[in-house]
Amino acid sequence: MSRAAKWLLTIVILLVVVVAGAALIAHEPEIPTATVDTSQFPEEQVRRGQEVAAAGMCVVCHTAPGGQANAGGFHMETPFGVIVSTNITPDTETGIGGWSFEAFERAMRRGIARDGTHLYPAFPYTSFTKMSDEDMHDLYAYMMSQPPVRNQPQETHLPFPFNQRMLMAGWNLLFLDRDPVAKVASESEAWNRGQYLAVALGHCSACHTPRNALGAEKSGKDYLGGGEAEGWIAPALNGSSKAPIPWTEQALFDYLRAGYSDQHGAAGASMTPVVRVGTSQIAESDTRALATYIASQMAGAGQGKTGPTPPQREAAAQAAVATTDTLGARIYANACAACHHPGPGGPDLFGTQPPLWLATSLNLDQPDNVIRYVLNGTQHDAGNPRGGHMPGYAYALNDAQVAAVVQFMRESFTGQPAWNGVQDAVRRIRGEYPLALQGREQ
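Residues numbered from 1 in each chain as written. Predicted model: local features only at pLDDT ≥ 70, side-chain atom pairs only at ≥ 80, totals over all residues. Heavy atoms only, no water.

J.: I tried to follow the nonpolar core on my own but got confused; where do I start?
T.: Counting 54 residues, the largest nonpolar core has Met131, Leu139 and Ile294 as the members making the most contacts within it. Residues contacting Ile294, with those up to four places away along its chain left out, are Leu224, Leu237 and Leu252. Grouped together as the second largest cluster of nonpolar side chains are 32 residues, Ile245, Ile331, Leu375 and Val426 included. (Core = buried A, V, L, I, M, F, W, Y, C linked by side-chain atoms within 4.5 Å. Buried < 20%, exposed > 50% of the residue type's maximum accessible area, 1.4 Å probe, protein only. Contact = heavy atoms within 4.5 Å.)

Listed below in structure tokens is the structure:
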């Protein structure tokens, strides 16, 4: 055997050893099925578990549009492909009815299913791993006490190599931080409670923090610095917030509790179900605590930045809407102004909507959210007292028209420079249908 052949054989043997070792490390044993006696769970424990489930918003991602609660089948868009949520009702054949507490806790803390399969972090076990033992037991009691639903959702099929779930063992070694949420002695009890709710249960960072190339949340100054959720831009919840009017603790409480803030508008897109089944359903003191914590992360947002004041924005919007000398202005006048009219006669005319010149979406660096609202409309609202239905214009306006009205609002209402590539973005987002119209605002 030649020297080159020996080296090649050595490399092959080493690769086999490495792969075999990795597979051995990645292997997790199956936990036997168990018969769960729900009578063992006191009523008070189940009630507490219901609040934990609301804070964790399990039903948001585990319910398909028009489907039964927690029966799975919701399609989540990720940079690695579409992930389909599983059935987490206590059905013994298609759900988690045969899961012991040991199996349930392993999935929640380590991202490993009862059969030993590694889960993808689209299921936010990276946050749930920090739950307290009491909350974990209470949640298990609640989930196992719910009506079982027989439903086998479509399996997730990601492209190679992301379909190799054993790779998640290495991902967990690199990125899974299982340390509990540490209390900060210098902060109030409400702040510390809000931190726990945001980090361990509400997993706010899962959507509102940017991720690295491997899909792990960034840390440090990037924490809550803005991310993406199913194609929507999740705005920053830290000092880099683009909101024209800085969020206050009271505004955050109103938004999280009722789905509406006078200075920021109504919860829409992915935030609609978060408010409806999550932050509006937990104890009011917990919603307040969450607002306290988030407000502290957003402290300083807007300081040192120059730009038009809200009255200046409104005046500019009035002047812009009064003219119809551009395509975007004419479309706005015909399709939008009846509900989003600035100045006298609006925004209270006919129960019309919050002023768009205060919308965070118009002030973001990308136009995606505004485009999605124009194309899809809003079928539901989380608590907007003015009413929440807005028709979508996907079939009424072509790409150039959508781009024109989006650019008109950006330039006229915000004082910000025009976006680049708006029509290309419209074409890309329109091309996502029908997934984009799956009904996330359920």
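J.: Explain the side chain of Arg109 to me, please; I cannot follow it from the model alone.
T.: In this fold, Arg109 is placed in helix H4 (residues 101-110). A polar contact of 2.9 Å, which involves the side chain of Arg109, links it to the backbone oxygen of Met131. (Helix = DSSP H or I, 4+ residues; strand = E, 2+ residues; numbered from the N terminus. Polar contact = N/O pair within 3.5 Å; in protein donor to acceptor, adjacent residues only side chain to side chain.)

J.: What am I meant to see in the packing of helix H14 (residues 327-335) against helix H16 (residues 399-414) here?
T.: A pair of packed helices can be characterised by two numbers: the angle between their axes and the separation between those axes. Taken N-terminus to C-terminus, the directions of H14 and H16 make an angle of 90 degrees; their axes are 8 Å apart at the nearest point. By the angle class used here, H14 and H16 are roughly perpendicular. Along its contact with H14, which presents Leu327, Gly328, Ala329, Ile331 and Tyr332, the element H16 presents Ala400, Gln401, Ala404, Val405, Phe408, Met409 and Phe413. By residue class, the composition of the contact of H14 with H16 is ten nonpolar, two polar and no charged. (Axes fitted to C-alpha atoms, helices over the stretch in contact; angles between N-to-C directions. Parallel < 35°, antiparallel > 145°, perpendicular 65-115°, else oblique. Nonpolar A, V, L, I, M, F, W, Y, C, P; charged D, E, K, R; others polar.)

J.: Just checking my understanding: could you explain the environment of Gln416 for this structure?
T.: With respect to the helices and strands, Gln416 occurs in the loop between H16 and helix H17 (422-430). Accessibility expressed as a relative area gives 31% for Gln416, which makes it partly exposed. Through-space distance from the C-alpha of Gln416 to that of Asn363 is 7.1 Å; in sequence the pair is 53 residues apart.

J.: Sorry if this is basic, but what is going on with the pairing of strand S2 (residues 81-84) here?
T.: Residues in a regular strand project their side chains so that they alternate between the two faces of the sheet. Of the pairings in the sheet, the one linking strand S1 (residues 75-78) to S2 comprises four bridges and is antiparallel in character. Each residue of the ladder has a partner; that of His75, found in S2, is Val84. Count of turn residues in the S1/S2 antiparallel hairpin: two residues. (Pairing = 2+ DSSP bridges.)

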